[in-house]
Amino acid sequence: AHISNQESKYQRVCDLSFHSHSACCHICHPALFITYPLIIKSHLFSFLCAGAGGWSPLTSDRYQWLEVDLGRRTRITAVATQGRYGSSDWLTAYLLMFSDTGHNWRQHRQEDSLGAFPGNSNADSVVQYKLEQPVIARYLRLIPLDWNPTGRIGLRLEIYGCRYTSDVANFDGSSSLVYRLSLRPSRTTIETISLKFKTLKNCGTLLHAEGQRDHSLTLVLDKGKLLLYHQQGNPIFSFSYGSLLVSLGSLLDDQHWHYIKLERMNTHLNLTVDKTTQQVHIPAELSHWDIHQLSLGAVQGHGLQKPILSNRNLSGCLENLFYNNLNLIDLAKQKSHQVTGNVTFSCAEPVFVAVTFTDSQSFLQLPGSTSWSQGVTSVALQFRTWNKVGLLLTFDLPNQDGVVWLYINEEMRTIDIIRQIQCVYVCLCLGSGLNDGQWHSVELKFRSDHLSISVNDRVCIIAAAEACTSEFLQLKAFSLFQGCMRLLAVDNQPIDLIKVQQRLLGNYSHLKIDMCGIIDRCSPSHCEHGGRCTQSWNTFHCNCSDSGYRGATCHSSTFKQSCEEYKHDGNTSGHYYIDVDGSGPIKPQLVYCNMTEDKAWMVIQHNNTELTRVTASPEGNQYSAYFDYASADEQLAAIINQSEHCEQELSYYCRKSRLLNTPDGAPFSWWVGGPSPGQVQMYWGGALPGSRQCACGLQDSCLDPYHYCNCDADHDQWTNDSGVISHKETLPVLSLVLGDVQRPGSEAAYRVGPLRCHGDKNFWNAAFFDKETSYLHFPTFNGELNADISFLFKTTSSSGVFLENLGIKDFIRIELKVVFSFDVGNGPLEVRVQTSVPLNDNRWHSVRAERNVKEASLRVDELPVATKAAPADGHIHLQLNSQLFIGTASRQKGFLGCIRSLQLNGVTLDLEERAKITPGVRPGCPGHCSSYGWLCQNQGRCVEKTSGFYCDCSPSAYTGAFCHKEVSAGFKSTTSITYMFKEPYDLSGNTSALPSSIYSDMTLRGENISLSFRTSQSPALLLYVSSFYREYLGSISNWCFFFSPCLCVFLFPDSDEVDADLVGVASVGFTGCLSAVHFNSISPLKAALLHPDSAVIVTGPLVQSSCGSSSSANPYAAETTHSLSGIRAASVYYSTYYTPLYIERVRGVIAVVIFITVSALVIMARFICSRKETYRNQEVKASQSEDGHEFPFSSQADSQSAPNENQKEYFI
């Protein structure tokens, strides 16, 4: 609609046509703003309208505006601007303000953050801006921000829109509107209540809906937020005020219209406040609940339920109130018998002129009152802010040498008053939570003999002055107030802020007058994953502690996504938090990671993994069991989906208790498995889904060939059907039903093991780009407000583009330099990481980039994170529309190398599947040992797999995922291990039949021996070696000079007899612990404990122990204690790791003998030392059945952590 001066009854404005050569000028006022008071005379600012073909104020500064009165409330859809005709005058940026009354202006913002609109680049072209949501207002105000630097402010303006009609009801705090449903209409799938409201009060009842069975829903405004409550029952018997279902919105007491929509569906409610919608799951009893009565503005019920807000009815206006499609205000106007009330049908508009202090340069200067000369001072105001500190006001004391400061200090929860030169410094704990964004009132009264202050009607009086302290000098550097003020009064005389705005009263700078520009940056909150949002005037902060996430908005997970990832970071078995979808909505979960040599098992427990006896139920013929997992349903589904393999033990032990009967008959038992709620499964562990068999039926080995389960043979003796379920679509096991447990003589037990999964399809999903022009394409990346991208790469190239996604103007790109660049409409930004080592070393490197509304960050490997803050009040939405390219399809140089585990906002892109159909790209990427081989310790070998690698520990004396776990054993007197090697040639015609080559390389010219030991015995023989050539070698621990421990090695070449001293020591033996024994390429102790075969001869008891894993901080430190007689004795702790013994002359076939003996008595000078070590072995007792039959199966849960053995030492 084109608006001209002749067509409308405008006030204080001239409308200029784009095509007119004449200018119409009227009064043009300087703009709006406010701060703290000082005493100075008023100043009047002069202005003038001038120019041809448009509006141009006399002075070009940011204190100008152009205001349009549309005559009535109008739906405004677009605004267009043009420069002043035939001039160099045009705007390049401007603000838009809207109002219903010409007061209480509201700034229109784009994307909830950016307020500036783009203007013109010349005087002739028209720039039109379509509002994302139409604005309903009568008044529009345009405020210039920037203009052509070689010209001045110049403007032609056109506004587009249409007429707006509405039905309005006014509520004065005692009025209400009640709608009673006479006949219940036919039930609909969706029930809707919608309305608009405006109010200056921060609390009040908006609507109250009552139904049958004393259920009700109440929507109230409390502290400027909307709260939805559910109530039930009679308060005579219940003191409950109801349960809070949802809280939404903030700062809704601003006297602007706010839209509310409440939709009730079968299982949930949708509550919409302005542009934010939140879904609420409702109690089950409300699913089929019918509304009988709807009260507006107050609770007009049957009196049985307590109101949520006692005596706090609505003071404000409602507009366009609809129940489903029924206009209730229109029914009230027509005096329908269904609608009763005492409301008026026009909206009262109280005027409170507010002022906004925007930054540290804001101030307001007002003259003092004439009554101050009489010694009376009174200042009052209301304020609202998010800042914890700020100077509210300051003034000179009348007829005295002094100054008063009123200062808010929310960090100390006080308001401070300081009076200088005959000084008072008062800390008043009158207010708390004064930075909550609510309006708070302050009044300060000063007389010659006392000072009083009230904060929110709490009064404090200070009678006498105190001496000033030196601390006062530090208080002059006050933080200036940022926030809103209103109802300013000096000596009970209101301050006319409109006169201040017109420069007729006082002085000001950097203020916005006749509006409160406070913004709640935490509603809706940009903090994700439960992060707690706090804010100041200019920004917000997310507290991510205890959330499991990190970053400016708590977007990125601090945990790995699988046990596989933890393993490839060098972690060993233990409990870890797993975040399956990274930055996605699924919460982290605690699981046990069992790191074996070739796999990383993820173990998830449930409430009963023990072997459980079945007890017949007197109520029914079936026994049911339900399994609650430590992880939620969505967590379990995600784990199973991303794992390469999952399994779960399902076992049934039976005596005269049938299981599945036959494939043709009805099964006695079944179980429910798969994603919740699961499906009934009629097969057992070890069989195939749908087969209705057990493992023995699949293997044709059941006890009864006519049945497919051992238990179906119905024998009067214990048997079982056990196996592992490994079909992921039927996992996890959720419940179990056993049917044949009621017959006389029937006995049964079951075991459902923990869910176990290994492999991570996402972590190893990779593609190899063998040409710089190669690329993969995927759908457009959707990361408007939060975007995180993570991947691993390896390359020999020095440059290239990893990925990019383009929009019309916006883009996002990551390059090999490494640079993360993007544009969300504020101009290109780059985040760069400088590395001291080259990244083109053909090893895997990790990259993680994140962009959110506060900042952008980039991290490479474990280098420090590089960040760059987002522009204040800039564009925040990343708008992309092209496909996402991995590599690049533009003219830039593409990527040459491997990309792996590419994830965008927690979702893994399947590079391998796309690479299978894309020329120039191959699925998978080998060569992991170059990056992860360092994890294999103690001579373990890195072995490549299709997806990853594993450590082969066969050449090592150690075991574990990374060959890091010592193989240890405690020995007693009668224990020994003898390892026999093959003869170098056939001396006797007999040859060894050992197939393994692990223990065969024994023809070297020298030998390497390493071991670890712990003993308090001295001397003690550690090992003894003999060859077929009558050569001998021995190692003895002994006391050397000054009774310090040492290790002695004896070599006896070409000797017919073993040294007598060595024989003597051997006869006494050795007591202690040996671990990690290695001789050339064989590990005798490891072979005896883990791989017993004919080459190993063990005599005496030998039990694997963890005695070699614990070590003191100083392994050579002597532990001093006292004997019973007070005589000092010493016990020495040996821990010799990898002591190499290299002998040139010992060659041929050698037998290595490790002797372990019980005790040793060594008499040295005046000292006697002995050690007693106790090894405890646990015995598992077999449980007995109640009727005397022996139950032959043990109940043993999976252990998730190895036990620790604490060695105790006694000195006698």
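Here the structure is a predicted model, which is why all the values come from computation and not from measurement.

Each value, and the rule that gives it
- Residues numbered from 1 in each chain as written.
- Predicted model: local features only at pLDDT ≥ 70, side-chain atom pairs only at ≥ 80, totals over all residues.
- Heavy atoms only, no water.
- Helix = DSSP H or I, 4+ residues; strand = E, 2+ residues; numbered from the N terminus.
- Buried < 20%, exposed > 50% of the residue type's maximum accessible area, 1.4 Å probe, protein only.
- Areas by Shrake-Rupley, 256 points an atom, 1.4 Å probe, with all protein chains shown as cover.
- Pairing = 2+ DSSP bridges.
- Axes fitted to C-alpha atoms, helices over the stretch in contact; angles between N-to-C directions.
- Disulfide = S-S within 2.5 Å.
- Phe/Tyr/Trp six-rings, centres within 6.5 Å; stacked < 30°, edge-to-face > 60°.
- Lys NZ or Arg CZ within 6 Å of the ring centre and 35° of its normal.
- 1 Å grid on protein atoms, 1.4 Å probe; cavity = no way out; pocket = protein on both sides within 12 Å on 5 of 7 lines; lining within 4 Å.
- Points joined across faces, edges and corners; volume = space filled by probe spheres on them.
- Nonpolar A, V, L, I, M, F, W, Y, C, P; charged D, E, K, R; others polar.
- Core = buried A, V, L, I, M, F, W, Y, C linked by side-chain atoms within 4.5 Å.
- Domains from an automatic or database assignment.
- Contact = heavy atoms within 4.5 Å.
- Salt bridge = Lys/Arg side-chain N within 4 Å of Asp/Glu carboxyl O.
- pLDDT = per-residue confidence, 0-100.

1. Examining the overall build of the protein chain
1) Next: The helix and strand tally for the protein chain stands at nine helices and 83 strands.
2) Next: Per-residue burial over the protein chain gives 52% buried out of 1212 residues.
3) Next: Total accessible area computed for the protein chain in this model is approximately 56,300 Å², and 51% of it derives from carbon and sulfur atoms.

2. Concerning the sheet that holds strand S46 (residues 679–681)
1) Next: Ordered by their spatial adjacency, four strands build an open sheet running S43-S48-S45-S46, and the pairing between neighbours is antiparallel. Two strands in the sheet have a free side with no partner beyond their single neighbour: strand S43 (623–626) and S46. Here the strands of the sheet are splayed against their neighbours by 20 degrees on average, with no regard to which way each runs.
2) Next: Where S43 and strand S48 (residues 733–738) come together, four bridges link them in antiparallel fashion. Note that in S48 the partner of tyrosine 626 across the bridge is serine 735.

3. As for the pairing of strand S31 (residues 483–490)
1) Next: Taking burial as the measure, the eight residues of S31 include seven buried ones, the bulk of the element.
2) Next: Across three bridges, strand S21 (residues 355–357) lies against S31 in antiparallel orientation. What sits directly across from phenylalanine 357, in S31, is glycine 483.
3) Next: In terms of strand pairing, strand S23 (residues 377–384) meets S31 through five bridges, oriented antiparallel. Across the sheet, phenylalanine 383 pairs through a bridge with methionine 485, a residue of S31.

4. Some details on unusual backbone geometry
1) Next: For the peptide bond that leads from serine 676 to proline 677, omega is 10 degrees, which places it in the cis range.
2) Next: Counting through the fold element by element, proline 677 comes out in the loop between strand S45 (670–673) and S46.
3) Next: Of note, the amide linkage connecting leucine 731 to proline 732 takes the cis form, showing an omega dihedral of 0 degrees.
4) Next: As for its position among the elements, proline 732 is in the loop between strand S47 (719–725) and S48.
5) Next: Unlike most non-glycine residues, glutamine 255 shows phi in positive territory, near 60 degrees.
6) Next: Turning to its location among the elements, glutamine 255 is positioned in the loop between strand S13 (243–248) and strand S14 (258–264).
7) Next: Of note in this structure, leucine 487 is not a glycine but carries a positive phi near 50 degrees.
8) Next: Assignment of secondary structure puts leucine 487 in strand S31.

5. Some thoughts on the state of the cysteines
1) Next: All chains considered together, the criterion is met by 14 disulfides.
2) Next: Shown here is the disulfide that connects cysteine 654 with cysteine 711, its sulfur atoms set 1.9 Å apart. Here cysteine 654 and cysteine 711 share a disulfide; its torsion about the S-S bond, -95 degrees, makes the bridge left-handed. In this pair, cysteine 654 sits in strand S44 (residues 645–655) while cysteine 711 sits in the loop between helix H5 (695–699) and S47, placing the two residues 57 residues apart along the sequence.
3) Next: Judged by its relative accessible area of 2%, cysteine 711 is buried.

6. Here we look at the sheet that holds strand S12 (residues 225–232)
1) Next: Taken in spatial order, the seven strands line up as S13-S12-S11-S10-S17-S8-S20 in an open sheet, and their pairing is antiparallel. What marks the edges here is a single partner per strand, and that holds for S13 and strand S20 (339–341). Direction aside, neighbouring strands of the sheet carry axes that sit 15 degrees apart on average.
2) Next: Looking at chain direction, strand S8 (residues 177–180) and S20 are connected through three bridges and run antiparallel. Across the sheet, residue valine 178 finds its bridge partner in S20, namely threonine 340.

7. Quick word on the packing of aromatic side chains
1) Next: Counting across every chain of the model gives 24 aromatic pairs.
2) Next: Pairing tyrosine 179 with tyrosine 323 gives two aromatic rings, centres 5.9 Å apart and planes at 50 degrees, and the pair type is tilted. In this pair, tyrosine 179 is assigned in strand S8 and tyrosine 323 in strand S18 (residues 315–323), connecting sequence segments 144 residues apart.
3) Next: The buried category is assigned to tyrosine 323, whose relative accessible area is 4%.
4) Next: Here the aromatic cluster, defined as three or more aromatic residues joined through ring pairs, consists of Phe769, Phe791, Phe793, Phe802 and Phe895.
5) Next: In this structure, arginine 900 is placed above the aromatic ring of tryptophan 844, and the distance from its NZ or CZ to the ring centre is 4.6 Å.
6) Next: The positively charged end of arginine 914 is found above the aromatic ring belonging to phenylalanine 778, 4.7 Å away from the centroid.

8. Thoughts on the layout of surface pockets
1) Next: Approximately 1,200 Å³ is the volume found for the second largest pocket.
2) Next: Lys560, Glu565, Ser846, Asp861 and Glu862 are, among the 44 residues lining the second largest pocket, the residues nearest its centre.
3) Next: Elements with a minimum of two residues in the lining of the second largest pocket: strand S38 (556–557), strand S53 (787–794), strand S58 (845–851), strand S59 (855–860), strand S62 (897–904) and helix H7 (929–932).
4) Next: Here the element with the most residues in the lining of the second largest pocket is S58; it accounts for six residues.
5) Next: Within the lining of the second largest pocket, the residues separate by chemical class into 13 nonpolar, 18 polar and 13 charged.

9. So, the nonpolar core
1) Next: Grouped together as the largest cluster of nonpolar side chains are 69 residues, with contacts concentrated most on Tyr652, Trp684, Leu736, Leu738, Tyr750 and Leu755.
2) Next: Here this core spans two domains, and each of domain 4 (600–757) and domain 5 (762–933) adds at least three residues to it.
3) Next: Within the second largest apolar cluster, 41 residues are counted, among which are Ala209, Leu262, Val273 and Ala332.

10. Overview of the environment of glycine 316
1) Next: Within the secondary structure, glycine 316 is located in strand S18.
2) Next: A relative accessible area of 10% means that glycine 316 is categorised as buried.
3) Next: Discounting residues that sit within four places of it in the chain, glycine 316 has contacts with Ala169, Asn170, Phe171, Lys198 and Thr199.

11. Quick notes on the pattern of salt bridges
1) Next: One pass over the full model with this rule turns up 32 salt bridges.
2) Next: Put simply, arginine 922 and aspartate 770 hold a salt bridge, and the shortest N to O gap is 3.3 Å. With a gap of 152 residues between them, arginine 922 in strand S64 (residues 921–923) and aspartate 770 in the loop between strand S51 (766–769) and strand S52 (775–778) connect regions that are remote in the sequence.

12. Observations regarding the environment of glutamate 772
1) Next: Assignment of secondary structure puts glutamate 772 in the loop between S51 and S52.
2) Next: Residue glutamate 772 is classed as partly exposed on the basis of its relative accessible area, which comes to 35%.
3) Next: Sequence separation between glutamate 772 and glycine 897 is 125 residues; the distance between their C-alpha atoms is 9.1 Å.
4) Next: Every residue in contact with glutamate 772, bar those within four places of it in the chain, is listed here: Lys893, Gly894, Phe895 and Leu896.

13. Let's talk about helix H4 (residues 633–642)
1) Next: Taken as a whole, H4 has its buried residues at Gln635, Leu636, Ala638, Ile639, Ile640 and Gln642.
2) Next: Here the buried face of H4 lies against strand S40 (589–595), strand S41 (600–604), S44 and strand S50 (755–758).

14. Overview of the pairing of strand S24 (residues 389–396)
1) Next: Taking burial as the measure, the eight residues of S24 include six buried ones, the bulk of the element.
2) Next: For S24 and strand S25 (residues 403–409), the ladder comprises seven bridges, and the chain directions are antiparallel. Each residue of the ladder has a partner; that of threonine 394, found in S25, is tryptophan 405.

15. Some thoughts on the confidence of the model for the protein chain
1) Next: Averaged over every residue, the pLDDT of the protein chain is 78; the share at 70 or more is 74%.
2) Next: pLDDT under 50 marks residues 235–240. Its contacts with residues more than four places away, or in other chains, come to five contacts.
3) Next: Here residues 1196–1212 is a poorly scored stretch, pLDDT under 50, and it has 34 contacts once near neighbours within four places are set aside; other chains count.

16. Describing the environment of proline 667
1) Next: Structurally, the position occupied by proline 667 is in the loop between S44 and S45.
2) Next: Accessibility expressed as a relative area gives 17% for proline 667, which makes it buried.
3) Next: Distance from proline 667 to tyrosine 683, taken between C-alpha atoms, is 9.5 Å for residues 16 residues apart in sequence.

17. Let's talk about the side chain of histidine 555
1) Next: Here histidine 555 lies in the loop between strand S37 (549–550) and S38.
2) Next: Under the relative-accessibility criterion, histidine 555 is labelled buried at 3%.
3) Next: Setting aside residues no more than four positions away along its own chain, histidine 555 makes contact with Glu528, His529, Tyr549, Arg550, Ser583, Asn786, Ala787, Asp788, Glu850 and Asn905.

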